[in-house]
Amino acid sequence: MIRILHTADVHLDSPLRSLALRDPELRDRVRTSSRTALTRIVDTALAEEVAALLIAGDLFDGAERSARTAAFLTLQLERLRERGIQAFYIKGNHDAENPLTGELTLPDNVHVFDGRGGKVQLAEDVWIHGVSFANRHAPESLLPKFPAPVEGAVNIAMLHTSLAGAEGHDPYAPCTVGELTAAGFDYWALGHVHRRQVHAEAPWIVMPGTPQGRDMGEPGPKSATLLTIDKAIEIEEVPTSAVEFLHIQVDVADTDSDDALRDVLRRTLRDTARNLVSESAVVRLELTGSTRRRWQVLRDQDVWKETAAQYARETGTLWLDKVVFDLSDTAEPGHSATDELAGIMKTIREEPGFSETCRAEIEGILQELAPQRRAELLPDEAAMDQLARRLAEAGADRILARMKGATP
């Protein structure tokens, strides 16, 4: 029996992104979360006495250069070396642009596959195959570079790929599940897409996901994949993340008072903390439902945000990213002054001149940011228009909430 641990997309020392990181205690907890994830991966490798650790690309994060990153990584790999555990590593798109991958001499228990592809014998009847990215972009399939599987052996292939395409990911080393299935390997150790997914079981085609989420777009606990090779290959998830990002919807339709709403928020956050897989979590609450108290809640939304943040901190493991108010009511539009004002504001928001003014204000603020950050926040014209509309609608709701929320 042989055990192997499979991970990918560690993005070592990549910063986490969340509004909650303004809290200095949370910053201290999570600023090294990617290191914690890698440490847990190595801890698992040692505890399970694996024969090898597979790192299927994007061990590093972009062009960031750090001597501390290099020293930390070397230490973890040496822990494996001391126990006779080999590591196999293919470079992904982020690794190909990172200067450390070309300068760092890794311990001799680490085999780095190059862009030409190759295979290494792990045990008498187990072979590891892999192909690295030679450059940051790999618009063509890398499958032709793989050597043929060894007959009569268990063949594991490592590939960093977007497969046939994944939302939010550029196309890299494209291929299909059908092509991987037909290639003759027993297990495909994939990387690149940060969401875990088992695409097939015969053969195994596994995308383990990132071992540490970085923002709300990568929610939930993260893991690595442990293979057990006996008469067949069996797999299981092993937890790795230090902090997880959670988006929680809370139905407040039945909360007919401030006390009731506070009880729901407190109970929701305590239950969330109790059921955590990781040590900590950053939570985004979305209040939903139809309630006659809609405008009162919106009027006091700053108070509710701070209340929820306090309840989160009381758990000792949760921090609040933000509160989203997606509330409605059953009241029919009338002919009061506030209803007329709502109609006027809606008309103004739809005027081209108002939209241009909003865009000009946003662009003025963005000039204070670094070009790369501006591009991340608003990558295109559509994103700018969407932000302008969202801010205008939020401003109108604020005004209406102050007026309509004055009475029950």
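For the chain, the name recorded in an unreviewed UniProt entry is DNA repair exonuclease SbcCD nuclease subunit, with Paracoccus alcaliphilus as its organism.

J.: Break down the environment of Gln296 for me, citing the residues and quoting the values.
T.: Its place among the elements puts Gln296 in helix α8 (residues 294-299). Since its relative accessible area comes to 10%, Gln296 is described here as buried. Distance from Gln296 to Asp258, taken between C-alpha atoms, is 9.6 Å for residues 38 residues apart in sequence.

J.: Now, about the packing of helix α7 (residues 258-274) against helix α9 (residues 301-315): what can you tell me, with residues and values included?
T.: Between α7 and α9, the shortest axis-to-axis distance is 9 Å and the interhelical angle comes to 35°. In this structure, α7 crosses over α9, and the sense of that crossing is right-handed. Two secondary-structure elements touch here, α7 through Asp258, Leu261, Arg262, Leu265, Arg266, Leu269, Arg270 and Ala273 and α9 through Trp304, Thr307, Ala308, Tyr311, Ala312, Glu314 and Thr315. Split into classes, the residues belonging to the contact of α7 with α9 amount to eight nonpolar, two polar and five charged.

J.: I'd love a proper account of the pairing of strand β11 (residues 223-229), names of residues and values included.
T.: In terms of residue burial, β11 counts as a mostly covered element, since seven of its seven residues are buried. Because side chains alternate across β11, one face comprises the buried residues Ser223, Thr225, Leu227 and Ile229, and the other comprises Ala224, Leu226 and Thr228, equally buried. Relative to β11, strand β1 (residues 2-7) runs antiparallel, the two sharing five bridges. Bridging across to β11, His6 finds its partner in Thr225. Sheet analysis places β11 next to strand β12 (residues 233-239), joined by seven bridges and oriented antiparallel. Each residue of the ladder has a partner; that of Thr225, found in β12, is Glu237. What sits between the antiparallel neighbours β11 and β12 is a turn of three residues.

J.: So what about the pattern of salt bridges? Which residues, and what values?
T.: Side chains that carry opposite charge are capable of pairing whenever their charged atoms lie near each other. Enumeration according to the criterion identifies 20 salt bridges in this entry. The closest approach of N and O atoms between Arg274 and Asp271, which form a salt bridge, is 2.6 Å. Of this pair, Arg274 and Asp271 both sit in helix α7, three residues apart, roughly one helical turn. Exposure remark for Arg274: the relative accessible area of 59% places this residue in the exposed category. Among the residues examined, Asp271 registers a relative accessible area of 33% and is labelled partly exposed.

Procedures and definitions
- Residues numbered from 1 in each chain as written.
- Predicted model: local features only at pLDDT ≥ 70, side-chain atom pairs only at ≥ 80, totals over all residues.
- Heavy atoms only, no water.
- Helix = DSSP H or I, 4+ residues; strand = E, 2+ residues; numbered from the N terminus.
- Buried < 20%, exposed > 50% of the residue type's maximum accessible area, 1.4 Å probe, protein only.
- Axes fitted to C-alpha atoms, helices over the stretch in contact; angles between N-to-C directions.
- Left-handed = near helix turned anticlockwise from the far one by under 90°.
- Contact = heavy atoms within 4.5 Å.
- Nonpolar A, V, L, I, M, F, W, Y, C, P; charged D, E, K, R; others polar.
- Pairing = 2+ DSSP bridges.
- Salt bridge = Lys/Arg side-chain N within 4 Å of Asp/Glu carboxyl O.

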